[in-house]
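Secondary and tertiary structure notes
Chain by chain, the residues:
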Amino acid sequence: SLTQLLVPPPPSYSLTEPSESGGQSEKASTPDSALNAVSFDAIRLIELSDRTSAVMKSSNMEHLLATDPLLDIFGTFGALHGVPVSSSVSVVPHKDLGMSVSEHATRNDSQLVLVPWLPPHHSIAPPPALDNNVTAPTTPRVGITHNPFDALFRATSAGADERDASISHSHFVRSLFGSSKTDVALFVDRHQPGAVPKTSHAGTYRLFVPFFGGLDDRLALDFAVQLCANPKINATVVRVTKREA
């Protein structure tokens, strides 16, 4: 849903009018290149372990790339909206996940890395079976969390398995922020599975951008302006200043 909001609106139709010379003159319209101004690169990360090594023996990279459900969603999205979408799979040790993403972004000259935040409270869905009864890597389902940054800075009150998973993911996020030469955005999804998205009766979205200053806030402001190119999106920007007591 967030990716769809990044797609520019389609160009307006060109209107023609009779001219004094008897021909037709064309009114100004939105350039056709507007739709090609945005492209997406979906990278699927799989941690390399003894278990994934067994998976790779029974299924090569091309098969994983063609059958991965998450990448299939992005491919379908691109086909429906006429937006270029490229997909890839990266199988690396956990300590190299962050570096793998940052190097991938550099090679593809990406302008922004959008990484989802994995809450500390989640459940693991039953993995799909591949050849030779070997299960494929799974994606944790999003659960309820009160503070999404709890595990990023300190241990949480979750159980041992959940705490280990959230700390492991926070290490990946920290590694990505530390190694990436490309701007990184951390997406915290508050939407619960099965819940109705919060939109108005007209299907519009309103953004709230608190602006304190600095490079990060300027980037966030530029990002909000880009989103507002979509006629369904409006934004309220509040400049926050500090004054002495």
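Conventions adopted
Starting from 1, residues in each chain are numbered consecutively following that chain's sequence as written. With the structure being a predicted model, the display of local features is reserved for residues of pLDDT at least 70 and the display and counting of side-chain atom pairs for 80 or more, all residues being used for whole-chain, interface and lining totals. Note: side-chain values were computed over all heavy atoms of the structure, leaving out hydrogens and water. Secondary structure elements follow DSSP: runs of H or I of four or more residues count as helices, runs of E of two or more count as strands, with numbering from the N terminus. For the exposure calls, accessible area comes from a 1.4 Å probe over protein chains only, and a residue counts as buried if that area is under 20% of its type's maximum, exposed if over 50%, partly exposed in between. Contacts are assigned to residue pairs with any non-hydrogen atoms lying within 4.5 Å of each other. Accessible surface is estimated by sampling points in the Shrake-Rupley manner with a 1.4 Å probe; for residues, cover comes only from the protein chains shown. Salt bridge, as used here: a side-chain nitrogen of Lys or Arg that lies within 4 Å of a carboxyl oxygen of Asp or Glu. The criterion for strand pairing is that DSSP finds at least two bridges linking the strands in question. A crossover gets the label right-handed when its path from the first strand over the helix to the second runs clockwise, viewed with the strands pointing away from the viewer. Per-residue confidence from the predictor is reported as pLDDT, a score between 0 and 100. Grouping buried Ala, Val, Leu, Ile, Met, Phe, Trp, Tyr and Cys residues that are joined through side-chain atoms within 4.5 Å yields what is termed a nonpolar core. Patch construction takes residues with relative accessible area above 30% that form no salt bridge. Like charges are linked within 9 Å, and nonpolar side chains (Val, Leu, Ile, Met, Phe, Trp, Tyr) are linked within 5 Å. To estimate how far a helix should extend, the number of its residues minus one is multiplied by 1.5 Å. This arc is built from the directions going out from the helix axis to the C-beta atoms. Counting of polar contacts relies on pairs of N or O atoms within 3.5 Å, with two restrictions inside protein: one atom must be capable of donating a hydrogen and the other of accepting it, and residues adjacent in sequence are counted only when both atoms are side-chain atoms.

**Focus: the overall build of the protein chain**
- Helix and strand counts for the protein chain come out as eight helices and ten strands.
- Relative to its full complement of 245 residues, the protein chain shows a buried share of 27%.
- Taking the intrachain contacts of the protein chain between residues at least 6 apart in sequence as the baseline, contacts between residues at least 24 apart amount to 69%.
- Only carbon and sulfur atoms are counted for the fraction: they give 55% of the accessible area of the protein chain, which is about 16,400 Å².

**What about the pattern of salt bridges?**
- This structure, assessed with the given rule, holds two salt bridges.
- Residue Asp 68 is joined to Arg 44 by a salt bridge in which the shortest nitrogen-to-oxygen separation is 2.8 Å. On the criterion of sequence distance, the pair formed by Asp 68 in the loop between α3 (61–67) and α4 (69–81) and Arg 44 in strand β3 (residues 40–47) is long-range, its members being 24 residues apart.
- What makes Asp 68 buried here is its relative accessible area of 10%.
- The residue Asp 96 makes a salt bridge to Lys 95 at a minimum N-O spacing of 3.3 Å.
- The partly exposed category is assigned to Asp 96, whose relative accessible area is 29%.

**Some words on the pairing of strand β9 (residues 205–211)**
- Where β9 and strand β10 (residues 233–239) come together, seven bridges link them in parallel fashion. Residue pairing for β10: Leu 207 is matched across the bridge by Ala 235.
- As a crossover connection, the stretch from β9 through helix α8 (residues 215–227) into β10 is right-handed.

**Examining the confidence of the model for the protein chain**
- Taken residue by residue, the protein chain gives an average pLDDT of 75. The fraction at 70 or more is 61%.
- In the model, residues 140–145 has pLDDT below 50 throughout and makes 20 contacts with residues more than four positions away in sequence or in other chains.
- For residues 155–161, every residue scores under 50 in pLDDT, and the model assigns this stretch nine contacts once sequence neighbours within four places are set aside.

**Brief notes about helix α5 (residues 97–107)**
- Among the residues of α5, those classed as buried are Leu 97, Gly 98, Ser 100, Val 101, Ser 102, His 104 and Ala 105.
- Of the residues trailing α5, Asp 109 is marked for its positive phi of about 55°.

**What about the nonpolar core?**
- Counting residues in each nonpolar core, the largest one holds eleven residues, listed as Val 92, Leu 97, Val 101, Ala 105, Val 113, Val 115, Trp 117, Phe 172, Val 173, Leu 176 and Val 184.
- What Val 92 contacts, discounting residues up to four positions off in sequence, is Ile 46, Glu 47, Leu 48, Leu 97 and Ser 100.
- Grouped together as the second largest cluster of nonpolar side chains are nine residues, Val 7, Val 38, Phe 40 and Phe 77 included.

**Considerations on a nonpolar patch on the surface**
- Side chains of Phe 208, Phe 212, Val 238 and Val 240 sit close together on the surface and give an oily, nonpolar patch of about 400 Å² of accessible area.
- Within the fold, Phe 212 resides in the loop between β9 and α8.
- Judged by relative accessible area, Phe 212 falls into the exposed class, the value being 58%.

**Quick look at the environment of Ala 224**
- Tracing the backbone through its elements, the reader meets Ala 224 in helix α8.
- For Ala 224, a relative accessible area of 5% puts it in the buried group.
- Remark: the alpha-carbon pair of Ala 224 and Val 237, spanning 13 residues in sequence, is separated by 9.1 Å.
- Those residues within four positions of Ala 224 in sequence are excluded, and the remaining contacts are Leu 207 and Val 209.

**Some points on α8**
- Here α8 is 13 residues long and its end C-alpha atoms lie 18 Å apart, about the 18 Å a rise of 1.5 Å per residue gives.
- Residues of α8 that are buried: Asp 217, Ala 224 and Leu 227. One side of α8 carries all its buried residues, which in axial view fall inside an arc of 75°. Structural note: α8 exposes Leu 215, Asp 222 and Val 225 on the side pointing more than 90 degrees away from its buried face.

**Regarding the side chain of His 169**
- Relative to the elements of secondary structure, His 169 occurs in helix α7 (residues 160–179).
- Among the polar contacts listed, one links the side chain of His 169 to the backbone oxygen of Pro 116, at a separation of 3.2 Å.

**Focus: unusual backbone geometry**
- Phi at Asp 109 takes a positive value of approximately 55°, unusual for a residue other than glycine.
- Tracing the backbone shows Asp 109 in the loop between α5 and β5 (113–116).

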